[in-house]
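Structure at a glance
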Amino acid sequence: MEERQLLDSASGQTDATRERILDAADALIQRLGIHGVTIAALARRSSLSRPTIYRSWSDADDVVRSALLRRVSRILEGFPEPATTRSRLVDDVLRFTTVFRKDAVYARLLDDEPEAFTRYTLQRVGSSQRLILQWLGAAIDAAQRDGSVRRGDSAHMAVMLLLIAQSAVLSHATVAELIDDAAWERELRAAIDGLLRP
């Protein structure tokens, strides 16, 4: 599976080396944006050689994707148990969007490089989205068994839920003059609840 491959892409290196490279990518994105992430910059920032980086990643784009996947994975670690009811699922999705929007790297992309955010998260279903979809699908399955989520293909419902949440997060700054944060959250909650309600 793609996300597992990315997470394990540095299997030839020590975890510490891999973490140094991904930490360097995080720092470069926060300071310079996606375009500041080059193999040369990663080597300088991590105090490692270019061949060390190339041993696990084919180019800077691969490193960025691994760094973004690691950040999503860490956010999801804050949700150790899948929701088992519609109410908890809606709460978790809203909390995920809040944490996601406040994440230092993703906030930088959303605020300053929405085109890069779009390229890495919306133009194709990548490893980060697949990880989120697995999380959503497990919760939808559990809440369907509970009877609080409508019947249907949980994978399809997870995709639509992801689309709603992604679109809301990406458009948040665009509509900030039209809707305050409290109203934005209330309407997003209603949209998610409406999608799932029996």
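From a predicted model like this one, the values you see are computed outputs, not experimental measurements.

What about helix α11 (residues 181-196)?
- Given a rise of 1.5 Å per residue, 16 residues ought to cover 22 Å, and the 23 Å separating the end C-alpha atoms of α11 matches this to within 8%.
- Within α11, the full set of buried residues consists of A183, W184, L188, I192, D193, L195 and L196.
- Residues of α11 that are buried in the fold lie against α6 (86-102), α9 (127-146) and α10 (154-171).
- The backbone nitrogen of A182 has a side-chain oxygen 3.3 Å away, supplied by the residue at the start of α11, namely D180.

Description of the packing of aromatic side chains
- According to the stated counting rule, one finds five aromatic pairs in the structure shown.
- A centroid spacing of 5.1 Å and a plane angle of 55° characterise the contact between F79 and W135, whose relative ring orientation is tilted. Taken together, the residues span a long stretch of sequence, with F79 in the loop between α5 (60-76) and α6 and W135 in helix α9 at a distance of 56 residues. An identical accessibility class is assigned to F79 and W135; each is buried.
- One aromatic cluster in this structure is built from F79, F96, F100, Y106 and W135.
- The ring of W184 carries the charged tip of R101 above its face, separated from the ring centre by 4.8 Å.

Some thoughts on the packing of α6 against helix α7 (residues 104-112)
- Viewed as axis vectors pointing N to C, α6 and α7 meet at an angle of 80°, and their least axial separation amounts to 5 Å. When the axes of α6 and α7 are compared, the pair comes out roughly perpendicular. In contact with F100, R101 and K102 of α6, α7 contributes A104, Y106, A107 and L110.
- The residue inventory of the contact of α6 with α7, partitioned by class, reads five nonpolar, no polar and two charged.

Notes on the environment of D91
- Secondary-structure assignment places D91 in helix α6.
- A distance of 2.7 Å separates polar atoms of two side chains, one belonging to D91 and the other to R189.

Some remarks on the confidence of the model for the chain
- The predicted model of the chain averages 90 in pLDDT, with 92% of residues at 70 or higher.
- The model gives residues 1-11 a pLDDT under 50, and that stretch makes 25 contacts with residues more than four places away or in other chains.

Rules used throughout
- Residues numbered from 1 in each chain as written.
- Predicted model: local features only at pLDDT ≥ 70, side-chain atom pairs only at ≥ 80, totals over all residues.
- Heavy atoms only, no water.
- Helix = DSSP H or I, 4+ residues; strand = E, 2+ residues; numbered from the N terminus.
- Expected span 1.5 Å × (residues − 1).
- Buried < 20%, exposed > 50% of the residue type's maximum accessible area, 1.4 Å probe, protein only.
- Contact = heavy atoms within 4.5 Å.
- Polar contact = N/O pair within 3.5 Å; in protein donor to acceptor, adjacent residues only side chain to side chain.
- Phe/Tyr/Trp six-rings, centres within 6.5 Å; stacked < 30°, edge-to-face > 60°.
- Lys NZ or Arg CZ within 6 Å of the ring centre and 35° of its normal.
- Axes fitted to C-alpha atoms, helices over the stretch in contact; angles between N-to-C directions.
- Parallel < 35°, antiparallel > 145°, perpendicular 65-115°, else oblique.
- Nonpolar A, V, L, I, M, F, W, Y, C, P; charged D, E, K, R; others polar.
- pLDDT = per-residue confidence, 0-100.

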